[in-house]
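Understanding the architecture of this molecule
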Amino acid sequence: GRGGGAYYTDEGSAYYNLTANVFSNASFCEDKCEWLHIWTSSIHDIRTANCYTDTSVQNNHGTDCPEANITVVTDGHWPAGALGI
C-alpha cells in the first residue's frame, strides 16, 4: 500500500527541528497514515517536540530522531497549548 504521513521527511533530511505543530486528521488516508513519518535511517538528527496530534500512529526509523512532549488528543478537545499554535 501507499504509506505516508502528515509530517513526511524525505530520504536524507537532516539537522532540523519540528516544534510546536498541530496535526489534525493526520491518519485520514487510505493506508493508515501517520502523524509523523520518518521512514528510513538515512533521515537523521530531526528533533520533534511540543506537538499535538489526534492519532498515535507514527513511523520513526530515523537515526538520532528523538521525540519529546508529544500530546495525543483522543476526545477532540484540544488543549490550550494546541489552540494557541
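Worth saying up front: this structure is predicted, and the values here are computed from it rather than measured. (Residues numbered from 1 in each chain as written. Predicted model: local features only at pLDDT ≥ 70, side-chain atom pairs only at ≥ 80, totals over all residues. Heavy atoms only, no water.)

1. A look at the nonpolar core
Among the nonpolar cores identified, the biggest contains 10 residues, and these are Tyr7, Leu18, Phe23, Trp35, Leu36, Ile38, Ile43, Ile46, Cys51 and Cys65. At the level of elements, β4 (34-38) and β5 (44-53) are the ones that each hand at least two residues to this core. The biggest single contributor to this core is β4, with three residues. Among residues more than four places away in sequence, those in contact with Tyr7 are Tyr16, Leu18, Phe23, Trp35, Leu36, His37 and Ile46. (Core = buried A, V, L, I, M, F, W, Y, C linked by side-chain atoms within 4.5 Å. Buried < 20%, exposed > 50% of the residue type's maximum accessible area, 1.4 Å probe, protein only. Helix = DSSP H or I, 4+ residues; strand = E, 2+ residues; numbered from the N terminus. Contact = heavy atoms within 4.5 Å.)

2. Notes on the packing of aromatic side chains
How two aromatic rings sit relative to each other is set out by the distance from centre to centre and by the angle between their planes. Per the counting criterion, the structure on display carries two aromatic pairs. Judged by centre distance (6.5 Å) and plane angle (75°), the ring pair of Tyr7 and Tyr16 falls under edge-to-face. Geometrically, the ring pair formed by Phe23 and Trp35 is tilted, given 5.4 Å between the ring centres and 50° between the ring planes. Highlighted residues: Phe23 in strand β3 (residues 22-23) and Trp35 in strand β4, separated in sequence by 12 residues. Neither Phe23 nor Trp35 differs from the other in exposure class; each is buried. (Phe/Tyr/Trp six-rings, centres within 6.5 Å; stacked < 30°, edge-to-face > 60°.)

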